[in-house]
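# Analysis of the macromolecular model
Each chain, letter by letter, is given below.
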Amino acid sequence: MSAFPAPISASTVSPLPMQRSRGYWTSALLRFTRDPVAMGAALVVLLLIALAVFGPWLAPADPYQSSMLKRLKPIGTEGLPLGSDELGRDMLSRLIVGARLSLFIGITPVICAFVLGAAIGILAGYAGGIVNTAIMRTIDVFYAFPSVLLAIALSGVLGAGVVNSLISLTIVFIPQIARVAESVTTQVRGRDYVEAARASGADAFTIVRVHVLGNVLGPIFVYATSLIAVSMILASGLSFLGLGVKPPEPEWGLMLNTLRTAIYVQPWVAALPGVMIFVTSISFNLLSDGLRSAMDNKG
Amino acid sequence: MNAMEAVSDIGSPAQPLLTIRGLQKHFPLKKDPLGRGGGVVRAVDGVDFEVLKGETLGVVGESGCGKSTTARLLMQLIAPTAGEVIFDGRAVGSRDLPLKAFRRQVQMVFQDSYASLNPRLTIEDSIAFGPQVHGVARNEAVHRARDLLARVGLEPQRFAERYPHELSGGQRQRVNIARALALQPRMVILDEAVSALDKSVEAQVINLLLDLKAEFGLTYVFISHDLNVVRYMSDRVMVMYLGQVAEIGPSHPLYKAPAHPYTRALLSSMPSMDPDHRTEEAALAGDPPNPIDPPSGCRFHPRCALAAPVCSQRVPARVIADSRQAVSCLIHEPGSGHPMAQALAQAA
């Protein structure tokens, strides 16, 4: 029987270019930097974060200082570059200082929901069977409500206030993140490398730690990033309804609410907080899209 | 100290390394909301065989005949509906042979070389994972992984820190073989392990497998749909059809004189390199029947060229584990009522 030739070592057969291989994250970062849209979005997000951190020092005027004489001035007024609100407070300063609170209540619930939702979803996805059914059907109960309605209902039950609105938004996002986590984990669990790990005798905890987490956290993280925009809008909505931030704190959603009465008097000024929410949410969305394609290493 | 010593034989060399008795796996089907449907897929339906120490048992059959399900049952990756798996005289999962101890001794190489490696781990980490699970220190495990890489023909300095997507299919399959060997197993199940490779690469990997078998004294279960490769690799061959064993026996006699009409049809579908040896036998027509609702009697009768009326009524005797050579067909059962069986019985 000499139907097959003598063994040849694979390395002599197909020499690959021999640079030291880049790690997964390094090459993902490289792909990300080559995506102009994602880089632009990342720049805007960094600017917004800078505003949130340094806002009080950047603001030209006191955002709480009201003046009956300067009410509802248009954009470009002397000393009021972006006009003034219904109490004569400097819009520019309020928008800058408002970045901190607006981003805080937009991002915090997503971070909390990411941790809890990923844990629940990975547990359900890896356990499978009856555990999966029990967890996911419970999650579905929450999922059945439109998120705005659920956030309002929870905030109403918990009472108004920043902390309570953060809690209610966290509860709104947990089911959504858990669902994504569950479906990604279910997919990964069926891969041959997880089977091979089971075949080597590893326990479930070790398999999840070594083989599952690294492969599911990326997609869950990308999905969570896209929720930041939703969270900002919902948080603004809660403030708008008087369930979140209380006046006179500068927060974009609340500002939008209080200025809505002035929409016919100073439409451009009244629209400014909305523009900020829009820019923030679209930047986070584009950022998460960029992350998604950068982390896809099928190339 | 090395926390992981190779396990030596328990029973005598004559004791089969693996004995399978009455193995069944039925996958339940989902019922529709009205409660209809809900049958079972009889993926593996009563399989008995033995794997002897140091041999290669080839397993052949069409897609969907239960080859891969059998492999996964052997590996205890899925729980059988019925039947036992006995490894070197001890029932798997019993107190004598806990699952974790069994898994050290039996490893598997999968068909899809890419899907069977974690894309986020370097290949040396993938290979070193198993030994670490069994208590080998990380440094020691990585050291061993590099030795194994060298042994399967991949230079450790060049490949150890690469990621799976940076390797070719053949190189990845070498990594998978190294990973399986990292636990110093006694038996390796090769589930279509070379089927996805180019012919030239396939030949290299097959020769590597044969070398490793001799070097480490391994026992192989070699699952494939490629009859030529199975013939080259195997000491004995088991032919499966629709979740059951049609025929089993030493590979030379079986390829030369197949007894089961299915084996004959299968072998005649294999193109011969020798024009004088063209078979006149009709090739197998049609698809295998649905394992949800297998045909009555002999499962092969709707496609069998030699089927008689009795074949749809009487179930042929199952191939039993301890026979060296056996066939599950009414033609070979004297007095079964098949016209050709009668003739055989009189001749005997």
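## Focus: the overall build of chain B
Assigned secondary structure in chain B consists of 11 helices and 11 strands. The globule rule puts the C-alpha radius of gyration for 348 residues at 20 Å, and the 22 Å found for chain B is close to it. By its C-alpha atoms, chain B is 65 × 55 × 50 Å across when sized along the principal axes. Sorting the 348 residues of chain B into buried and exposed places 47% on the buried side. A separation threshold of at least 6 residues defines the contact pool for chain B, and within that pool the share at least 24 residues apart is 64%.

## Some words on the interface of chain B and chain A
Contact with chain B, which involves 41 residues of that partner, is made by 31 residues of chain A. Listed by contribution, the elements that provide at least two residues to the side of chain B that touches chain A are helix 2 (99-105), strand 6 (106-109), helix 3 (123-133), helix 6 (169-181) and helix 7 (199-216) of chain B. If you tally residues by element for the side of chain B that touches chain A, the top one is helix 7 of chain B, at 6 residues. Class assignment of the residues belonging to the side of chain B that touches chain A gives a composition of 16 nonpolar, 12 polar and 13 charged.

## A look at the packing of helix 10 (residues 252-259) of chain A against helix 11 (residues 267-294) of chain A
All names here are of chain A. Running from N to C, helix 10 and helix 11 point in directions that differ by 155 degrees, and their axes come no closer than 8 Å. Overall, the two elements helix 10 and helix 11 adopt an arrangement that is roughly antiparallel. Seen along the crossing, helix 10 lies across helix 11 with a hand that is left-handed. Contacts between helix 10 and helix 11 involve Trp252, Met255, Leu256 and Leu259 on the former and, on the latter, Val269, Ala270, Pro273, Gly274, Met276 and Ile277. Here the contact of helix 10 with helix 11 is composed, by residue class, of 9 nonpolar, 1 polar and no charged.

## Focus: helix 3 of chain B
Across the 11 residues that make up helix 3 of chain B, a large majority, 10, are buried. Of all the residues in helix 3 of chain B, the buried ones are B:Ile123, B:Glu124, B:Ser126, B:Ile127, B:Ala128, B:Phe129, B:Gly130, B:Pro131, B:Gln132 and B:Val133. Looking at the packing, one finds that the buried side of helix 3 of chain B touches helix 8 (192-199) and helix 9 (204-240) of chain A together with helix 4 (138-151), helix 5 (156-159) and helix 6 of chain B. Residue B:Gly135 follows helix 3 of chain B closely and has a positive phi angle near 90 degrees.

## As for the packing of helix 6 (residues 147-158) of chain A against helix 7 (residues 162-189) of chain A
Residue and element names in this part refer to chain A. Relative orientation of the contacting elements helix 6 and helix 7 amounts to 140 degrees, with a least axis distance of 9 Å. What the angle tells us is that helix 6 and helix 7 run oblique. Where helix 6 crosses over helix 7, the handedness of that crossing is right-handed. Listed contacts from helix 7 to Ser147, Leu150, Ala151, Leu154, Ser155 and Leu158 of helix 6 are Asn164, Ser165, Ile167, Ser168, Leu169, Ile171 and Val172. In terms of residue class, the contact of helix 6 with helix 7 is built from 8 nonpolar, 5 polar and no charged.

## Some details on the sheet that holds strand 4 (residues 82-87) of chain B
All names here are of chain B. Spatial ordering of the open sheet is given by 2-1-4-5, a layout of 4 strands whose pairing is antiparallel. On the outer flanks of this sheet lie strand 2 (40-51) and strand 5 (90-91), each paired with one strand and no other. Alignment of strand 1 (residues 18-28) against strand 4, held across 5 bridges, turns out to be antiparallel. Bridge pairing in strand 4 places Gln24 opposite Ala82. Contacting strand 1, strand 2 and strand 4, helix 1 (residues 67-74) crosses the sheet at an angle of about 65 degrees to strand 2.

## Comments concerning helix 10 (residues 261-268) of chain B
All names here are of chain B. Across the 8 residues that make up helix 10, a large majority, 6, are buried. Of all the positions in helix 10, only Pro261, Tyr262, Thr263, Arg264, Ala265 and Leu266 are classed as buried. On its buried side, helix 10 packs onto helix 8 (227-233), strand 9 (236-241), strand 10 (244-250) and helix 9 (251-256).

## Describing unusual backbone geometry
Of note, the amide linkage connecting A:Pro247 to A:Pro248 takes the cis form, showing an omega dihedral of 10 degrees. Its place among the elements puts A:Pro248 in the loop between helix 9 and helix 10. Even without being a glycine, B:Asp88 presents a positive backbone phi close to 45 degrees. Counting through the fold element by element, B:Asp88 comes out in the loop between strand 4 and strand 5. Look at B:Asp88 and you get buried, because 22 C-beta atoms sit within 10 Å. The backbone of B:Gln184 shows a phi angle near 50 degrees, a positive value even though the residue is not glycine. Note on placement: B:Gln184 falls in the loop between helix 6 and strand 7 (187-191). By C-beta crowding, B:Gln184 is classed as partly exposed, having 18 other C-beta atoms within 10 Å.

About the thresholds
Residues numbered from 1 in each chain as written. Chains lettered and ligands numbered in written order. Predicted model: local features only at pLDDT ≥ 70, side-chain atom pairs only at ≥ 80, totals over all residues. Helix = DSSP H or I, 4+ residues; strand = E, 2+ residues; numbered from the N terminus. Rg over C-alpha atoms; globule rule 2.2 N^0.38 Å. Buried ≥ 20, exposed ≤ 12 C-beta atoms within 10 Å, placed from the backbone. Contact = placed C-beta atoms within 7 Å. Nonpolar A, V, L, I, M, F, W, Y, C, P; charged D, E, K, R; others polar. Axes fitted to C-alpha atoms, helices over the stretch in contact; angles between N-to-C directions. Parallel < 35°, antiparallel > 145°, perpendicular 65-115°, else oblique. Left-handed = near helix turned anticlockwise from the far one by under 90°. Pairing = 2+ DSSP bridges.

Taken by themselves, the reported measurements are silent on function.
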